[in-house]
Amino acid sequence: MAYEITTNPLRGVEAKPGSGHYGVFEHGAQVWSWQPDGAAPVLWLSEKSWFADGQPVRGGVPVCFPWFGPGSSGDLQPSHGFARLHTWHLSDTKDTLDRDGRLIVEYSLDEAMTGQQDNWPHPYRAYVRAKFTPEYVRVELEVTNVGDEPITFDGALHTYVAVSDVQNVTITGLEGSSYLDKLTGQTETQDGPLTLTGETDRVYSSTADVVVDDPGLGRKLVISKSGSANTIVWNPWAEKAAEVADIGDDEWSKFVCIEAGNVLGDAITLLPGQVHCLKQRITLA
C-alpha cells in the first residue's frame, strides 16, 4: 500500500491503511482526515463544506496565518489570514505505510506564491508538516523570517475534533487557566473541567495537554502541543451554526474545535533569520 495523489474533491495526498484514512489537501495545506485502522474518524469535516479555490474548507485542521480571526486590528480580511485559501507546494513525502502505517507529508508556502498582501507585506517561508500514524496525527506550522526586518504574526491550528455529541463531552487540562471569553469580552478563570452548554469562543492562556472524554464514542483524545501559548475552544451552537452556510443542519453538535495557537497578545515576533514552529498532536488514548 502507498499514498495516492487524488483530486476529488480537491488535489491532495490520501492513504487508506486498512479501514483507516489519512488525507491532506494542497489547498491551505489542510489536513482533513485522520482515521486510524479500526477506529472512527477523529477529525470532523462538514458535509456542506466548499471545495473551491479562494474558499475555506470547513473542518479538519485549517491553518490560520498570518492573523487569527480579523487580526489584532479587528478588520483584516480574509478571516484567519490568507494562507488557508492558497495552494501550497508539496515539498516532501515519507511513506512507510506498508511497514508501520506511517506517512509524513510536507507543504511549503512563501510570498512569491501568495503574491503581494497589503495587510502583511513581509518576506517569509512557511511549512506545514503532517505526520499520520496509527496512534496519533501531528501537524506543524513552521514560519521563517527570510526578510531584513522583524515580522509579527498570529498562528493557529484550527482543529475540528469529531465527537458523538458536543453536549456530552468533557474537556480536562484547562483547569485554573485564565481565558478571554470572546462572547462577553471578559477575562475569567476555568473552574474545573469544561463542559459546553452553549455557544463557546474562548482563548485560554495555557500550554497544557487537553483531554477530550467522549463517552458516546467510548474514547478519549489527548491533544498536546508545543510552541503554543494559547488553546482556543470553539463551538457555534445551534443558533449561530444556522447562520453559517458551510455547516449542515445539526452538524454543530458533532465537533468541538480545540486549537493550538499564538494569538492576540501572544503573537509571535521573529527577527531576520529566526524560525518558529507550532505543533499539535492528537493521540487516541
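Refer to the structure printed above.
Residues numbered from 1 in each chain as written. Predicted model: local features only at pLDDT ≥ 70, side-chain atom pairs only at ≥ 80, totals over all residues. Heavy atoms only, no water.

Chemist: Before we go on, may I ask you to explain the overall build of the protein chain in this structure?
Modeler: Of the regular secondary structure elements, the protein chain holds three helices and 22 strands. Here the C-alpha atoms of the protein chain give a radius of gyration of 18 Å, agreeing with the 19 Å that 2.2 N^0.38 yields for 285 residues. Seen along its three principal axes, the alpha-carbon backbone of the protein chain occupies a region of about 50 × 50 × 35 Å. Residues classed as buried in the protein chain amount to 53% of the 285 residues present. For the protein chain, the computed accessible surface area is about 12,000 Å², with 45% contributed by carbon and sulfur atoms. Positive and negative side-chain charges of the protein chain, numbering 21 and 39 respectively, have mean locations separated by a distance of 6 Å. (Helix = DSSP H or I, 4+ residues; strand = E, 2+ residues; numbered from the N terminus. Rg over C-alpha atoms; globule rule 2.2 N^0.38 Å. Buried < 20%, exposed > 50% of the residue type's maximum accessible area, 1.4 Å probe, protein only. Areas by Shrake-Rupley, 256 points an atom, 1.4 Å probe, with all protein chains shown as cover. Lys, Arg positive; Asp, Glu negative; His and termini not counted. Charge placed at Lys NZ, Arg CZ, Asp CG, Glu CD.)

Chemist: What is the right way to read the packing of aromatic side chains from this model?
Modeler: One pair of aromatic rings is described through two measures. These are the centre distance and the angle between the planes. Inspection of every chain in the model, using the stated rule, returns 17 aromatic pairs. Measuring from centroid to centroid gives 5.4 Å for Phe 65 and Phe 153, while their planes differ by 70°, and the two rings are edge-to-face. Linking Phe 65 in the loop between strand 5 (63–64) and strand 6 (89–96) with Phe 153 in strand 10 (residues 151–153), this pair joins segments that are 88 residues apart in sequence. Note on Phe 153: relative accessible area 4%, which makes it buried. Above the ring of Tyr 136, the side-chain terminus of Arg 281 is found at 4.9 Å from the ring centroid. (Phe/Tyr/Trp six-rings, centres within 6.5 Å; stacked < 30°, edge-to-face > 60°. Lys NZ or Arg CZ within 6 Å of the ring centre and 35° of its normal.)

Chemist: How should I be thinking about the nonpolar core in this particular structure?
Modeler: One recurring pattern in soluble globular proteins: nonpolar side chains tend to sit buried together. Ranked by internal contacts, the top residues of the largest apolar core, which has 68 residues, are Phe 132 and Ile 171. Those residues in contact with Phe 132 that lie beyond four places of it in its chain are Tyr 22, Gly 23, Val 24, Val 31, Ser 33, Trp 34, Gly 101, Arg 102, Leu 103, Val 105 and Val 137. Of all hydrophobic cores here, the second largest spans six residues; its members include Cys 64, Phe 68, Ala 156 and Val 203. (Core = buried A, V, L, I, M, F, W, Y, C linked by side-chain atoms within 4.5 Å. Contact = heavy atoms within 4.5 Å.)

Chemist: Honestly, the pattern of salt bridges in this entry has me stumped. Any pointers?
Modeler: Working definition: two side chains of opposite charge can pair if their charged atoms are close together. As enumerated under the stated definition, the model contains nine salt bridges in all. With its nearest N and O atoms 3.1 Å apart, the salt bridge here joins Glu 142 to Arg 129. On the criterion of sequence distance, the pair formed by Glu 142 in strand 9 (residues 136–144) and Arg 129 in strand 8 (residues 125–132) is long-range, its members being 13 residues apart. Accessibility expressed as a relative area gives 21% for Arg 129, which makes it partly exposed. With a shortest N-O distance of 3.1 Å, Glu 140 and Arg 138 are connected by a salt bridge. Classification of Arg 138 by relative accessible area gives partly exposed; the value is 26%. Put simply, Glu 106, Arg 129, Arg 138, Glu 140 and Glu 142 are held in one network by salt bridges that share partners. (Salt bridge = Lys/Arg side-chain N within 4 Å of Asp/Glu carboxyl O.)

Chemist: Explain the pairing of strand 16 (residues 200–205) here, please?
Modeler: As a general feature of sheets, a regular strand has side chains that alternate between the two faces. Burial runs high along strand 16: five of the six residues are buried. Here strand 14 (residues 178–181) runs beside strand 16; their pairing, made up of three bridges, is antiparallel. Residue Asp 181 lies in a different strand from strand 16, and its bridge partner there is Arg 202. (Pairing = 2+ DSSP bridges.)

Chemist: It is not clear to me how the sheet that holds strand 3 (residues 21–25) should be interpreted in this structure. Could you clarify?
Modeler: The strands that make up a sheet pair up through hydrogen bonds in the backbone, lying either parallel or antiparallel. Taken in spatial order, the four strands line up as 1-2-3-4 in an open sheet, and their pairing is antiparallel. One side of each edge strand has no neighbouring strand; the edge strands of this open sheet are strand 1 (4–6) and strand 4 (30–35). Geometrically, the sheet is characterised by an average inter-axis angle of 20° between neighbouring strands, direction not taken into account. Note: strand 3 against strand 4, five bridges, orientation antiparallel. Bridging across to strand 4, Phe 25 finds its partner in Gln 30. (Axes fitted to C-alpha atoms, helices over the stretch in contact; angles between N-to-C directions.)

Chemist: What is the right way to read unusual backbone geometry from this model?
Modeler: A negative phi angle characterises most non-glycine residues, just as the trans form characterises most peptide bonds. Cis peptide bonds are those with omega within 30 degrees of zero, and the linkage from Asn 8 to Pro 9 qualifies with 5°. You can see Pro 9 is positioned in the loop between strand 1 and strand 2 (12–15). For the peptide bond that leads from Gln 77 to Pro 78, omega is 0°, which places it in the cis range. Along the chain, Pro 78 falls in the loop between strand 5 and strand 6. Positive phi values are uncommon outside glycine, yet His 80 reaches one of about 70°. In this structure, His 80 sits in the loop between strand 5 and strand 6.

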